[in-house]
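Residue strings, one per chain:
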Amino acid sequence: MAKEELMQFDGLVLEILPDARYRVQLDQGHEIVAYTAGKMKKNRIKTLAGDRVTVEMSPYDLEKGRLVFRHKDERSSGPRPPMRGGQFRRR
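All of these numbers come straight from a predicted model, not from anything done at the bench.

Analysis parameters
- Residues numbered from 1 in each chain as written.
- Predicted model: local features only at pLDDT ≥ 70, side-chain atom pairs only at ≥ 80, totals over all residues.
- Heavy atoms only, no water.
- Helix = DSSP H or I, 4+ residues; strand = E, 2+ residues; numbered from the N terminus.
- Buried < 20%, exposed > 50% of the residue type's maximum accessible area, 1.4 Å probe, protein only.
- Areas by Shrake-Rupley, 256 points an atom, 1.4 Å probe, with all protein chains shown as cover.
- Salt bridge = Lys/Arg side-chain N within 4 Å of Asp/Glu carboxyl O.
- Core = buried A, V, L, I, M, F, W, Y, C linked by side-chain atoms within 4.5 Å.
- Contact = heavy atoms within 4.5 Å.
- Pairing = 2+ DSSP bridges.
- Axes fitted to C-alpha atoms, helices over the stretch in contact; angles between N-to-C directions.

Trainee: Please provide a residue-by-residue account of the overall build of the protein chain, values included.
Mentor: Within the protein chain, the secondary structure is distributed over 1 helix and 5 strands. When the helices and strands of the protein chain are listed from N to C terminus, the series reads β-β-β-α-β-β. Per-residue burial over the protein chain gives 22% buried out of 91 residues. Working note: accessible area of the protein chain is about 7800 Å², and carbon and sulfur atoms make up 51% of it.

Trainee: Explain the pattern of salt bridges to me, and be specific about the residues and the numbers.
Mentor: Per the stated rule, a full pass over the model turns up 3 salt bridges. Between glutamate 15 and arginine 23 there is a salt bridge, and its shortest N-O distance comes to 3.2 Å. Given the relative accessible area of 37%, glutamate 15 is considered partly exposed.

Trainee: Could you give an account of the nonpolar core, with specific residues and numbers?
Mentor: Of all hydrophobic cores here, the largest spans 11 residues; its members are Val13, Tyr22, Val24, Leu26, Ile32, Ala34, Met40, Val53, Val55, Met57 and Leu67. Valine 13 has contacts with Tyr22, Arg23, Val24, Thr47, Leu48, Ala49, Gly50, Asp51 and Val53, leaving out every residue within four places of it along the chain.

Trainee: Pulling in residues and values, what's your account of the pairing of strand β5 (residues 61-70)?
Mentor: Where a strand is regular, its side chains alternate between the two sheet faces. Judged from the 4 bridges that link them, strand β3 (residues 31-36) and β5 form a sheet pairing that is parallel. Along β5, the bridge assignment pairs valine 33 with lysine 64. Pairing analysis gives 5 bridges linking strand β4 (residues 52-58) to β5, with the strands arranged antiparallel. Bridging across to β5, glutamate 56 finds its partner in arginine 66. Connecting the antiparallel pair β4 and β5 is a turn made up of 2 residues.

Trainee: Could you give an account of the sheet that holds strand β2 (residues 21-26), naming the residues involved and the relevant values?
Mentor: The sheet built from 5 strands closes into a barrel, its strands ordered β1-β2-β3-β5-β4 with mixed pairing. Taking each pair of neighbouring strands and ignoring which way they run, the sheet shows an average axis angle of 50°. Here 6 bridges tie strand β1 (residues 7-17) to β2, and the two strands are oriented antiparallel to one another. Its bridge partner lying in β2, glutamate 15 is registered against arginine 23.

So yeah, pure geometry; function would need other evidence.
And the structure:
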């Protein structure tokens, strides 16, 4: 049996919930609860309220989803301020 295709939607993070979950309002107007995908956790991509995201959803459960991409802000695309303290960054 073939695996069902996942549907992708764009949305806006409304609220950060406990357990690394988010309340997301899709562009179509629906609100869902989504969790962060493993690749986003692995690469330490932080998601805040107000971020534009892409959500994957199964056709069987349209109330839950998985955040797979966080879109960059238009205002953050400009030049970054210089790092202070030299060449290396402290962890």
